Amino acid sequence: MSYADVAASGPKQSPEETRRRNRAPAVPQVEHTEDSVSSLVDVDSPHISSVPSDYESQSVKTDTQAVRQEREEEIKEAAKEIRDSATAKKEKAKDKARKNADNPVVVSNAVGLAVVAAALSFGAYRKYSRGELTGKVVAAWAGVVGLFGLGDYYVSQYFFKRYPPKN
C-alpha cells in the first residue's frame, strides 16, 4: 500500500476545515484590571534594599562613586608630585645654565647645536621642495649628525678639563 492509497482512503475534509486545522492557535489576551497592578513589588524579597532618608543630601551615594573619588584623589596627588618634580628639575637646569653662561665650552656647544639645526632644517626643506628628500638622504644626514656629536663630545671633554663646569 502506497502513501497515495492511504491518503485517498482517509476521511475527506473541506478546504475550510484544512485551513482551520493548520492555523496557529489564537494569541491569549491579557486582561487589564486595577487589581493586577496594585502590588507589583514584593517587599519581603531579599533583593529590595531601603535607602536612608538623607540619601539625596549625601555627597557620596554609592560604593562605586566612593572608589572612583579615592582614585581621582590619588591621581591628583601623583600629578602634583610629578609637577613639583618637573618644576624642581627646571629650576635646577636654569640655575646650572646661569652659572655656566660664561663657560666657553657650554657656549660653543649651544652655538654649534643652533648652527647645525638651522643648516639641517634649511637643507631638508630645500630637498623636500625639490622632491629629493628620501630615506637614504635622511640616513646620511643622521650619520653626519652622529659624527658631529661624537667629535663634539671628545673636543668638549678636552676643554672641560681646562674649563670645568660649575655645578
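Reading the values: rules and limits
Residues numbered from 1 in each chain as written. Predicted model: local features only at pLDDT ≥ 70, side-chain atom pairs only at ≥ 80, totals over all residues. Heavy atoms only, no water. Helix = DSSP H or I, 4+ residues; strand = E, 2+ residues; numbered from the N terminus. Polar contact = N/O pair within 3.5 Å; in protein donor to acceptor, adjacent residues only side chain to side chain. Buried < 20%, exposed > 50% of the residue type's maximum accessible area, 1.4 Å probe, protein only. Contact = heavy atoms within 4.5 Å. Phe/Tyr/Trp six-rings, centres within 6.5 Å; stacked < 30°, edge-to-face > 60°. Patch = residues over 30% accessible without salt bridge, like charges linked within 9 Å, V, L, I, M, F, W, Y side chains within 5 Å. Areas by Shrake-Rupley, 256 points an atom, 1.4 Å probe, with all protein chains shown as cover. Salt bridge = Lys/Arg side-chain N within 4 Å of Asp/Glu carboxyl O. Lys, Arg positive; Asp, Glu negative; His and termini not counted. Charge placed at Lys NZ, Arg CZ, Asp CG, Glu CD. UniProt positions renumbered as here; feature names shortened; annotations may be inferred.

*Asks:* Can you lay out the environment of Ser129 for me, pointing to particular residues and giving the numbers?
*Replies:* Checked against the element boundaries, Ser129 lands in helix 4 (residues 104-130). At 2.9 Å, the side chain of Ser129 and the backbone oxygen of Arg126 are in polar contact.

*Asks:* Lay out the environment of Leu133 in plain terms, naming residues and giving numbers.
*Replies:* Mapped onto the elements, Leu133 comes out in the loop between helix 4 and helix 5 (135-162). Judged by its relative accessible area of 34%, Leu133 falls in the partly exposed class. Setting aside anything within four residues of it in sequence, one finds Leu133 in contact with Ala124, Lys127, Tyr128 and Val138.

*Asks:* Summarise the packing of aromatic side chains; cite the residues concerned and give the values.
*Replies:* In total, this model carries two aromatic pairs according to the counting rule given. With 5.1 Å between their ring centres and 75 degrees between their planes, Tyr158 and Phe159 make a pair best called edge-to-face. A relative accessible area of 48% places Tyr158 in the partly exposed class. Residue Phe159 is classed as partly exposed on the basis of its relative accessible area, which comes to 32%.

*Asks:* Describe a negative patch on the surface, naming the residues involved and giving the relevant values.
*Replies:* Where like charges cluster on the molecular surface, the negative patch consists of Glu70, Glu73, Glu74, Glu77 and Glu81. Mapped onto the elements, Glu77 comes out in helix 3 (residues 63-99). What makes Glu77 partly exposed here is its relative accessible area of 48%.

*Asks:* Which residues make up the UniProt feature "transmembrane region" (unreviewed entry) in the protein, and what values go with them?
*Replies:* The positions UniProt marks with the feature "transmembrane region" (unreviewed entry) are residues 105-125 and 137-155. Secondary structure across residues 105-125 comprises 100% helix and 0% strand; the distance between its end C-alpha atoms is 30 Å. Annotated as 100% helix and 0% strand, the span residues 137-155 places its first and last C-alpha atoms 27 Å apart.

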